[in-house]
Amino acid sequence: MCTLALLGLAGTALSAGGALVEGQQSKQMADYQAKAYGQQAQADAQSAAFEQSQERHKQDLLQSQARAQAGASGVGIAGSPTEVLAANARQGQVDLHAIQYGSRLRQNNLNSQAAISRFSGKQAVTASIFNAGSNLVSGLSGFYDPTKAVTFGRSAFPPPPGGSSTGGLY
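Cut-off values and rules
Residues numbered from 1 in each chain as written. Predicted model: local features only at pLDDT ≥ 70, side-chain atom pairs only at ≥ 80, totals over all residues. Heavy atoms only, no water. Helix = DSSP H or I, 4+ residues; strand = E, 2+ residues; numbered from the N terminus. Buried < 20%, exposed > 50% of the residue type's maximum accessible area, 1.4 Å probe, protein only. Contact = heavy atoms within 4.5 Å. Areas by Shrake-Rupley, 256 points an atom, 1.4 Å probe, with all protein chains shown as cover. Core = buried A, V, L, I, M, F, W, Y, C linked by side-chain atoms within 4.5 Å. 1 Å grid on protein atoms, 1.4 Å probe; cavity = no way out; pocket = protein on both sides within 12 Å on 5 of 7 lines; lining within 4 Å. Points joined across faces, edges and corners; volume = space filled by probe spheres on them. Nonpolar A, V, L, I, M, F, W, Y, C, P; charged D, E, K, R; others polar. Salt bridge = Lys/Arg side-chain N within 4 Å of Asp/Glu carboxyl O. Patch = residues over 30% accessible without salt bridge, like charges linked within 9 Å, V, L, I, M, F, W, Y side chains within 5 Å.

1. So, the overall build of the protein
Each helix and strand counted, the protein has two helices and zero strands in total. Residues counted as buried form 19% of the 170 residues belonging to the protein. Long-range pairs, those at least 24 residues apart, make up 86% of the contacts in the protein between residues at least 6 apart in sequence. Surface exposure of the protein reaches about 12300 Å², of which carbon and sulfur atoms provide 61%.

This is how it looks when you write it as structure tokens:
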């Protein structure tokens, strides 16, 4: 019987330990996922910076070509061609801001996912602690047998020698 009790106790301990390990593994996975989201956000920021640089270069070339065409046609740069160049420059700035805005939205989304992942990992650890405690309590409660429980009533003590069963105490 003692061997069975020890096996049951060992099983309970393994079950509780397994719950704790599972929680830690879930946290590690969530932390890894959060790190990956953070890296994606950083990569998106770098990509957007490169894209903005390319767009700026493209706009500079277009502006140069427009000035050259205006000059080659014999039209002065003052007046209407200047307004066209200024409008093109404004549109170019809007395009650059749109690239930056889109990148910020993606970065915020990735950073939010990273935060959710980290929170999920913390929740998994907390849940594993409660699960381990529950496994311990339910496992240990299986060892309790009310028919073999120690009681401290009158029947638990033998009657005194040569006297009544109450021993004069009552």
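Having seen it, we continue.
2. What to know about the nonpolar core
The biggest cluster of nonpolar side chains holds five residues, and these are A34, Y37, A41, L110 and A114. At the level of secondary structure, the elements contributing two or more residues to this core comprise α1 (2–72) and α2 (80–141). Among the elements that make up this core, the one with the highest residue count is α1 (three residues). Residues contacting A114, with those up to four places away along its chain left out, are A34, Y37 and G38.

3. Topic: the layout of surface pockets
The calculated volume of the largest pocket comes to roughly 180 Å³. Looking at the largest pocket, the residues that line it are R56, Q59, D60, L62, Q63, N88, A89, Q91, G92, Q93, D95 and L96. Secondary structure elements with two or more residues in the lining of the largest pocket: α1 and α2. It is α2 that contributes the most residues to the lining of the largest pocket, seven residues altogether. Partitioned by chemical class, the residues of the lining of the largest pocket number three nonpolar, six polar and three charged.

4. Thoughts on the side chain of Q63
Mapping Q63 onto the fold places it in helix α1. You can call Q63 buried: its relative accessible area is 12%. Contact partners of Q63, with chain neighbours within four places excluded, come to L85, N88 and A89.

5. Brief notes about the pattern of salt bridges
In total, this model carries three salt bridges according to the counting rule given. Among the ionic pairs, D31 bridges to K27, the shortest N-O distance being 2.8 Å. In this pair, D31 and K27 are both assigned in helix α1, four residues apart and thus about one turn of the helix distant. In this structure D31 comes out as partly exposed when scored by relative accessible area, which is 31%. For K27, a relative accessible area of 26% puts it in the partly exposed group. Close ionic contact of K58 with E55 constitutes a salt bridge, the shortest N to O distance being 3.6 Å. Pair noted here: K58 and E55 are both in helix α1, with a separation of three residues, about one helical turn. Judged by its relative accessible area of 44%, K58 is partly exposed.

6. Thoughts on the environment of A132
As for its placement among the helices and strands, A132 is situated in helix α2. Taking the relative accessible area as the measure of exposure, A132 reaches 5% and is therefore buried. Between the C-alpha atoms of A132 and A19, which are 113 residues apart in sequence, the distance is 5.3 Å. Apart from the residues lying within four places of it in its own chain, the contact partners of A132 are A16, A19 and L20.

7. A short note on a nonpolar patch on the surface
On the surface, L9, L136 and L140 cluster together into a nonpolar patch covering about 240 Å² of accessible area. If you trace the backbone, L140 turns up in helix α2.

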